[in-house]
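The residues making up each chain are set out below.
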Amino acid sequence: MSDTWLEVTLPVPADKLDGVCDTLTANGMAGLVVEEEGDFLRFLEQNRQYWDYVDEGLAQRMKGASRVKFYVPDNEDGQKQLRQYLTGLEEYEPQTVSLREEDWATSWQKYYQPIPVGKRIYIVPDWMRGEPVSDGRSPLYLNPGLTFGTGSHPTTQLCLELLEEVLRPGDRVLDLGCGSGILAIAALILGASRAVGVDIDPKAADVAFENAALNGIGPDRLSVCAGDVLTDKKLAARLGPGQNRVVLANIVADVIIPLSAKAGEFLTTGGVFLASGVIDGRQDEVRAALEANGFAVTGHLERKGWHAFRAEPGQQGQYAV
């Protein structure tokens, strides 16, 4: 673990902001902080009592401006990650600042706020535990990290909304590409009896178990293992073929397409496959792959250029737009 981090800032024109965020996410950076002109103006207004005057020149320079921030370890591995994340964004000049571990924690925390998702989930950073939770919602506590999901990205939110629609009390859930464990943990909070998470990154298990513990969930209800179900037959055999009523995959189109040929093996009769992380332009390919592998698409959500599907094997469903 690095003792220092690089805070990377990309100044981006406001009309290019969504595209830059989508590219960074597609390149693997899940934890983004977005600063826009409105954020700056609200900061000035909320802190006006501390200023003798407002720097109108600064306000003018911020007009229409926006910035995207993210963090990588300040070491050789971090530099490799940075080059990967910036692929396709060479026109933007990154600004970097080195932060100590404790400075990074403070910098990250000030941007992370509770997030209501769907009708029942309320994602809360653990350092805000104890603050009021909206009526009718269940808190899901997370300790946000650099590499794994925090619930702020549309793909995670879309998958959570579909999960809320289809989950029944006592269901068994399989989360393929579990990352921080947020989807598996949400399933257990919503009433699943047991969840299993799988990720190709061996570090995912530690992160997922840490987040599960924050929610009072132990290994008797959540298990996490590392590996690739597409290539590891022994792993696939351990994941409960035919025993999961819900299978989740919040990954990318290039993984979901081959996974659509495998997901049905893990489902019970009447099970549901939820696939999210599909960037705009790839949704028809994913739908075609699902249907070619015996699924009917019975639900489709879209938000900010990202798509998520609900698919059921052997059903005559309607493709919903």
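Data block above holds the structure.
A. Here's a closer look at the overall build of the protein chain. A tally of helices and strands in the protein chain yields 11 helices and 14 strands. Going through the 321 residues of the protein chain one by one, you find that 48% of them count as buried. The long-range fraction of contacts in the protein chain, counting pairs at least 24 apart against all pairs at least 6 apart in sequence, stands at 67%. A total accessible area of about 15700 Å² is found for the protein chain, and carbon and sulfur atoms account for 49% of it.

B. A look at the nonpolar core. Core analysis: the largest hydrophobic core is formed by 37 residues, its most contacted members being Leu163, Leu222 and Leu274. Residue contributions to this core peak at seven residues, all from helix H7 (residues 182-189). The contacts of Leu222, once residues within four sequence positions are left out, are Ala184, Ile185, Leu188, Arg194, Ala195, Ala208, Phe209, Ala212 and Ile217. Ranked by size, the runner-up nonpolar core spans 26 residues in total, among them Val247, Leu267, Phe295 and Ala311.

C. Broad picture of helix H1 (residues 17-26). Turning to H1, its buried residues are Leu17, Val20, Cys21, Asp22, Leu24 and Thr25. Of the residues one or two after H1, Gly28 is the one with positive phi, at around 110°.

D. Just the packing of aromatic side chains, in detail. What the rule picks out here adds up to two aromatic pairs. Ring geometry for Phe70 against Tyr85: centres 5.9 Å apart, planes inclined by 90°, an arrangement best described as edge-to-face. Of the two residues, Phe70 is situated in strand S3 (residues 65-73) and Tyr85 in helix H4 (residues 76-85); the sequence distance between them amounts to 15 residues. Phe70 gets classed as buried once you look at its relative accessible area, which sits at 0%. Judged by centre distance (5.6 Å) and plane angle (40°), the ring pair of Phe273 and Phe295 falls under tilted.

E. Representation of the side chain of Ser276. Here Ser276 lies in strand S12 (residues 267-279). One polar contact links the side chain of Ser276 to the main-chain carbonyl oxygen of Thr155, over a distance of 2.8 Å. Ignoring sequence-local partners within four residues, the contact set of Ser276 consists of Thr155, Leu158, Cys159, Ala249, Asn250, Ile251, Ile256, His307 and Ala308.

F. Broad picture of the pattern of salt bridges. All chains considered together, the criterion is met by 10 salt bridges. When the shortest N-O distance is used, the salt bridge between Arg287 and Glu291 registers 3.1 Å. A residue pair is termed a helical-turn pair when its members lie 3 or 4 positions apart in one helix, as Arg287 and Glu291 do in helix H11 (residues 283-292) at four residues. The class of Arg287 is partly exposed, set by a relative accessible area of 27%. Three or more residues are tied together by salt bridges with common partners; here these are Glu165, Arg310 and Glu312.

G. Spotlight on the sheet that holds strand S8 (residues 172-176). Pairing within the open sheet is mixed, and its seven strands lie in the order S10-S9-S8-S11-S12-S14-S13. In this open sheet, the two edge strands, each paired with only one partner strand, are strand S10 (222-226) and strand S13 (295-303). Taken pair by pair, the neighbouring strands of this sheet meet at an average axis angle of 15°, ignoring direction. In this sheet, S10 lies alongside strand S9 (residues 194-199) in parallel orientation, the contact comprising five bridges.

H. Molecular detail of the environment of Val33. Along the chain, Val33 falls in strand S2 (residues 33-36). Residue classification places Val33 among the buried residues on the basis of a relative accessible area of 6%. Distance in space between the C-alpha atoms of Val33 and Arg67 is 8.2 Å, their sequence separation being 34 residues.

I. Main features of helix H6 (residues 154-166). Between its first and last C-alpha, H6 extends 19 Å over 13 residues, near the 18 Å set by a 1.5 Å rise per residue. Here H6 lies mainly inside the structure; 12 of its 13 residues are buried. Regarding H6, the residues found buried are Pro154, Thr155, Thr156, Gln157, Leu158, Cys159, Leu160, Glu161, Leu162, Leu163, Glu164 and Val166.

J. Structural context of the packing of H6 against H7. H7 packs onto H6 with a crossing angle of 25° between their chain directions and a minimal axis gap of 11 Å. By the criterion of interaxial angle, the relationship of H6 to H7 is roughly parallel. Between H6 and H7 the crossing geometry is right-handed. Two secondary-structure elements touch here, H6 through Thr156, Cys159, Leu160 and Leu163 and H7 through Ile182, Leu183, Ala186 and Ala187.

K. Expanded view of the sheet that holds strand S7 (residues 138-142). Pairing is mixed across the open sheet formed by three strands, whose spatial order is S5-S6-S7. The two strands at the open ends of the sheet, each matched to only one other strand, are strand S5 (115-117) and S7. Within this sheet the neighbouring strands show an average axis-to-axis angle of 30°, counted without direction. The pairing of S5 with strand S6 (residues 121-125) spans three bridges and is classified as antiparallel. Counterpart to Ile115 in the pairing with S6 is Ile123. Packed on one face of the sheet, H7 meets S6 and S7 and runs near 150° to S7.

Rules used throughout
All residue numbers refer to positions counted from 1 along the written sequence of the respective chain. Where local features are concerned, this predicted model is filtered to residues with pLDDT of at least 70; where side-chain atom pairs are given and counted, the filter is 80 or more; whole-chain, interface and lining totals use all residues. Think of the side-chain values as coming from all heavy atoms in the structure, minus any hydrogens and water. Each helix is a run of H or I in the DSSP string that is no shorter than four residues. Each strand is a run of E no shorter than two, and both are numbered from the N terminus. Exposure categories follow from relative accessible area, calculated using a 1.4 Å probe and restricted to protein chains: below 20% of the type maximum is buried, above 50% is exposed, and the middle band is partly exposed. Residue contacts are counted whenever heavy atoms from the two residues lie within 4.5 Å of one another. Every accessible area reported is derived by Shrake-Rupley at a probe size of 1.4 Å, with residue values counting cover from the shown protein chains alone. To qualify as a nonpolar core, a set must consist of buried Ala, Val, Leu, Ile, Met, Phe, Trp, Tyr and Cys residues joined through side-chain atoms within 4.5 Å. Aromatic rings from Phe, Tyr and Trp, with only the six-membered ring used for Trp, were paired whenever their centres fell within 6.5 Å, and each pair was classed as stacked if the ring planes differed by under 30 degrees, edge-to-face if by over 60, and tilted otherwise. Polar contact criterion, stated in full: a pair of N or O atoms within 3.5 Å, where within protein one must be able to donate a hydrogen and the other to accept it, and residues adjacent in sequence count only if both atoms are side-chain atoms. Counted as salt bridges are all cases of a side-chain nitrogen of Lys or Arg within 4 Å of a carboxyl oxygen of Asp or Glu. By definition, two strands form a pair when at least two bridges between them are found by DSSP. In this description, a line fitted to the C-alpha atoms serves as the axis of each element, helices being fitted only across the stretch in contact, and the angle between N-to-C directions of two axes falls anywhere from 0 to 180 degrees. One fewer than the residue count of a helix, multiplied by 1.5 Å, yields its expected span. Relative orientations are named as follows: roughly parallel for angles under 35 degrees, roughly antiparallel for angles over 145 degrees, roughly perpendicular for angles from 65 to 115 degrees, and oblique for any other angle. Crossing chirality is assigned from the near helix's rotation relative to the far helix, an anticlockwise turn below a right angle marking it left-handed and a clockwise turn marking it right-handed.

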